[in-house]
Amino acid sequence: MSRPPRGLHGQAVEILGERIVRGTYPQGASLYPERIEHELGVSKTVVREALRVLAAKGLIESRQKRGTYVRPRSDWSLLDGDLLRWQGRSVPREGFLDNLAEVRSIVEPAAARLAARRRDDDDLARLTEALHLMAAAGGDADALVEADLLFHRTLLAAAHNELLTRMDVVIEAGLRVRDRIVHGAETWADPLPAHRAVLEAVRAQDPGAAAGAMAALLTQATDDLHNLIRTTCQGDPG
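Anyway, here's the lowdown on the structure attached to this text. Everything numeric here is computed off the predicted structure, so don't read it as measured data.

**So, the sheet that holds strand 1 (residues 30-31)**
Part 1 of the reasoning: The strand order 1-3-2 describes an open sheet built from three strands, whose pairing is antiparallel. With one partner strand each, in any of the chains shown, strand 1 and strand 2 (60-63) form the two edges of the open sheet.
Part 2 of the reasoning: Here strand 1 runs beside strand 3 (residues 67-70); their pairing, made up of two bridges, is antiparallel. Bridge pairing in strand 3 links Leu-31 to Thr-68.

**Some points on the side chain of Arg-119**
Part 1 of the reasoning: Turning to its location among the elements, Arg-119 is positioned in the loop between helix 5 (96-118) and helix 6 (121-137).
Part 2 of the reasoning: Of the side chains bearing the opposite charge, Asp-121 lies closest to the buried Arg-119, which forms no salt bridge; the N-O distance is 4.7 Å.
Part 3 of the reasoning: A polar side-chain atom of Arg-119 sits 3.0 Å from the main-chain carbonyl oxygen of Val-202.
Part 4 of the reasoning: Excluding anything up to four places from it in sequence, Arg-119 contacts Leu-124, Ala-158, Val-202, Arg-203 and Gln-205.

**Looking at the pairing of strand 2**
Part 1 of the reasoning: With four bridges connecting them, strand 2 and strand 3 associate as antiparallel partners. Paired with Glu-61 across the two strands is Tyr-69, which belongs to strand 3.
Part 2 of the reasoning: Two successive antiparallel strands, strand 2 and strand 3, enclose a turn made up of three residues, where Lys-65 displays a positive phi of approximately 75°.

**Some points on the packing of helix 5 against helix 7 (residues 141-158)**
Part 1 of the reasoning: Viewed as axis vectors pointing N to C, helix 5 and helix 7 meet at an angle of 60°, and their least axial separation amounts to 7 Å. If you check the angle between helix 5 and helix 7, you find them oblique. For helix 5 against helix 7, the interelement crossing comes out left-handed. Judged by residue contacts, Arg-104, Val-107, Glu-108, Ala-111, Ala-112, Ala-115 and Arg-118 of helix 5 engage His-152, Leu-155, Leu-156 and Ala-158 from helix 7.
Part 2 of the reasoning: Split into classes, the residues belonging to the contact of helix 5 with helix 7 amount to seven nonpolar, one polar and three charged.

Parameters and conventions
- Residues numbered from 1 in each chain as written.
- Predicted model: local features only at pLDDT ≥ 70, side-chain atom pairs only at ≥ 80, totals over all residues.
- Heavy atoms only, no water.
- Pairing = 2+ DSSP bridges.
- Helix = DSSP H or I, 4+ residues; strand = E, 2+ residues; numbered from the N terminus.
- Buried < 20%, exposed > 50% of the residue type's maximum accessible area, 1.4 Å probe, protein only.
- Lys, Arg positive; Asp, Glu negative; His and termini not counted.
- Salt bridge = Lys/Arg side-chain N within 4 Å of Asp/Glu carboxyl O.
- Polar contact = N/O pair within 3.5 Å; in protein donor to acceptor, adjacent residues only side chain to side chain.
- Contact = heavy atoms within 4.5 Å.
- Axes fitted to C-alpha atoms, helices over the stretch in contact; angles between N-to-C directions.
- Parallel < 35°, antiparallel > 145°, perpendicular 65-115°, else oblique.
- Left-handed = near helix turned anticlockwise from the far one by under 90°.
- Nonpolar A, V, L, I, M, F, W, Y, C, P; charged D, E, K, R; others polar.

Written out as structure tokens, the structure reads:
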């Protein structure tokens, strides 16, 4: 997934893009470059380039007489790495996590099936290393998230399909948001058995078992998240 860019231009893109995704600038709202320049303390050139980047992502459009305005969400490039990251950085909008879970349930079992057929020794070594890092993370939530991400990215790569590999932006978005919520709790389910089952099926070159193990892993992940959210809501006196 894309990382936050550096420099004034990158900072302006981050601030404006996240505001649009969060709804601070709602769909149809006008953006005024002069005001943005003053608020952010940057030059006309920086604002112009930032708006150009956001326009390329489908977030905004500029027209004569109307000026610059936020486009409908249906026009946004929702699979863009920055948009996925901005959505996951704050409390996700309704349905965002469920949409990501549905996409993952379509993509990852199929990737596991292909990986079981096509994996080589290097793939197995990288998957094994990711599992070891997951075990070594213990109670370190940040380390566990990174190890989890490494395992899933490596599995996609083991399918040896360059287009499928590019789905890592969606997988990473879903994992980062879910893992941040689940592993931010005081306790969470041990992720090792489900991931180990996927690895062993891939190692055994059993496509059906690999797909089934991945489907079971994703079901557990979704159930863990929903249970945590339900518990949190029940414990909220408001």
